[in-house]
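# Fold and contact review
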Amino acid sequence: MIVAFRENVEGVLLACAELIEDPNYDLISAKDKDGLKQKMDFNGVNEVKVLGFRGIADTTTLVRNIFGKQGSRMFQRDPDVEGYIAMVLRHRSSAPIELVRFLCSCKDNVDLLYSGKSTTGKKYYNFVRDVTRSYHRLCMFSRPYFVNGVLSVKVDSPHQIGDMFCRWLARKNPDLPVSVIEGEIAWIGNGRHVGLEHFTKVPSSLAGSLEFSDARDEVDDMWDMYYDSQMIPNRRNKSHAKKLQPKASASMSGMSERDRYKVERGIANCTLDSFVS
């Protein structure tokens, strides 16, 4: 028997439940229906049990049935089981089928997900932390800029976290449409301001054509001028500034790169009079 599951939290948990019932099941995973069809055609598979592609399952009940009662986690910041699976699936090295088999091996003992007692458990726990750190870096160091009234930012992360960052940015700016460009796609938040769904995904080429207002926003330029005007050379602490703006995070956005350049090379002569005028 072959079980095909969707590569999301619901699909992984449903596949776990099936595999626990019969460990001899073979597994196939896909991100969407088109991907599943391609894999089935390529492998010549006709009859499969499909999970997670239609309907909605109660993931809380699934977690309880698989792992039993959840105790306290190793660290307070650790996500719950659903969050754990979601973070692992976002990692660039994620292997959904291996993840399903690992979760099955942790049946009735949720602590094995976080303790790192096995090689696989340690690997996936590190995946969770890698993705979480990348997300926090985006929130701290990515500097959005205005394009036709849309708060936009290009992100470059090895993990699939563009949608997470877009949701965070949209919550921070509920009165503005936001666009997070990640390679060939763009995540749009607060899309109702530009005639789209509240949260949606569009090709990155379309994101540049969105408009929210006709007025040209000069917030970035104003911030640079104000930043430069308030800089006191005698109080400059380069080592401390480099810790606040790590070089590894400077590529998050254009403004971050400019901030890092100022940390390393200094800033242009500027006074508060320039900002006021």
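Relevant structure appears above.
All of the points below concern the structure found in this document. Fair warning: this is a prediction, and the values are worked out from it, not measured in the lab. (Residues numbered from 1 in each chain as written. Predicted model: local features only at pLDDT ≥ 70, side-chain atom pairs only at ≥ 80, totals over all residues. Heavy atoms only, no water.)

Turning our eyes to something else, we now look at the sheet that holds strand β2 (residues 26-30). With respect to topology, 3 strands assemble into an open sheet ordered β2-β1-β3, the strand pairing being parallel. Every other strand in the sheet has two partners, leaving β2 and β3 (49-51) as the edge strands with one partner each. Within the sheet, the average angular offset between the axes of one strand and its neighbour, ignoring direction, is 20°. As defined by bridge partners, strand β1 (residues 2-6) adjoins β2 across 5 bridges and the pair is classed as parallel. Looking at the pairing, R6 lines up with A30 of β2. Each of β1, β2 and β3 touches helix α2 (residues 33-43); the most contacted strand, β2, lies at about 135° to it. Set on the sheet, helix α5 (residues 96-105) makes contact with β1 and β2; between it and β2 the angle comes to about 130°. (Pairing = 2+ DSSP bridges. Helix = DSSP H or I, 4+ residues; strand = E, 2+ residues; numbered from the N terminus. Axes fitted to C-alpha atoms, helices over the stretch in contact; angles between N-to-C directions. Contact = heavy atoms within 4.5 Å.)

Okay, the sheet that holds strand β6 (residues 178-182) next. One open sheet accounts for 5 strands, arranged β4-β5-β6-β7-β8; its pairing is mixed. Edge positions in the open sheet fall to β4 (145-147) and β8 (199-203), since each of these has one partner strand only. In this sheet, neighbouring strand axes are inclined to one another by 30° on average, regardless of whether the strands run parallel or antiparallel. By the bridge criterion, 5 bridges tie strand β7 (residues 185-189) to β8 in an arrangement that is antiparallel. Note on β8: the bridge partner recorded for A186 is V202. Running at roughly 165° to β6, helix α8 (residues 162-172) makes contact with β5 (150-154), β6, β7 and β8 of the sheet.

Considered as a void within the structure, the largest pocket measures approximately 730 Å³ in volume. In terms of lining residues, the largest pocket is bounded by 23 residues, among which E7, K31, R90, Q160 and D163 are the most central. Contributing elements (two or more residues each) for the lining of the largest pocket: α4 (81-90), α8, β7 and β8. Grouping the amino acids of the lining of the largest pocket by side-chain chemistry returns 8 nonpolar, 5 polar and 10 charged. (1 Å grid on protein atoms, 1.4 Å probe; cavity = no way out; pocket = protein on both sides within 12 Å on 5 of 7 lines; lining within 4 Å. Points joined across faces, edges and corners; volume = space filled by probe spheres on them. Nonpolar A, V, L, I, M, F, W, Y, C, P; charged D, E, K, R; others polar.)

Ranked by size, the top nonpolar core spans 52 residues in total, and within it V12, F67, Y84, I85, V100, L103 and L113 carry the most contacts. With 8 residues, the top contributor of residues to this core is helix α7 (residues 119-141). Those residues within four positions of L113 in sequence are excluded, and the remaining contacts are F67, V81, Y84, F102, L103, C106, G121 and Y125. (Core = buried A, V, L, I, M, F, W, Y, C linked by side-chain atoms within 4.5 Å. Buried < 20%, exposed > 50% of the residue type's maximum accessible area, 1.4 Å probe, protein only.)

This structure, assessed with the given rule, holds 7 salt bridges. Across the pair K49 and E18 runs a salt bridge whose closest N-O atoms are separated by 3.0 Å. With K49 in strand β3 and E18 in helix α1 (residues 9-21), this residue pair connects regions lying 31 residues apart in the sequence. D108 is the salt-bridge partner of K107, the closest N and O atoms lying 3.0 Å from each other. The partly exposed category is assigned to K107, whose relative accessible area is 37%. (Salt bridge = Lys/Arg side-chain N within 4 Å of Asp/Glu carboxyl O.)

For the rest of this paragraph, the subject is the packing of aromatic side chains. Working definition: an aromatic ring pair is given by the centre-to-centre distance plus the angle between the planes. With the rule as written, the count across this model stands at 6 aromatic pairs. Note on Y84 and Y114: the rings are 5.5 Å apart at their centroids and 75° apart in plane angle, and the pair reads as edge-to-face. Separated by 30 residues along the polypeptide, Y84 in helix α4 and Y114 in helix α6 (residues 112-115) bring together distant segments of the chain. Each member of the pair, Y84 together with Y114, is buried. Aromatic side chains Y124 and F127 sit 5.5 Å apart centroid to centroid with 85° between the ring planes, which places their arrangement in the edge-to-face category. Taken together, the positions of Y124 and F127, both in helix α7 and 3 residues apart, correspond to about one turn of that helix. The residues Y124 and F127 share a single accessibility class, namely buried. Here the aromatic cluster, defined as three or more aromatic residues joined through ring pairs, consists of Y84, Y114 and Y125. Above the ring of Y124, the side-chain terminus of K123 is found at 5.0 Å from the ring centroid. (Phe/Tyr/Trp six-rings, centres within 6.5 Å; stacked < 30°, edge-to-face > 60°. Lys NZ or Arg CZ within 6 Å of the ring centre and 35° of its normal.)

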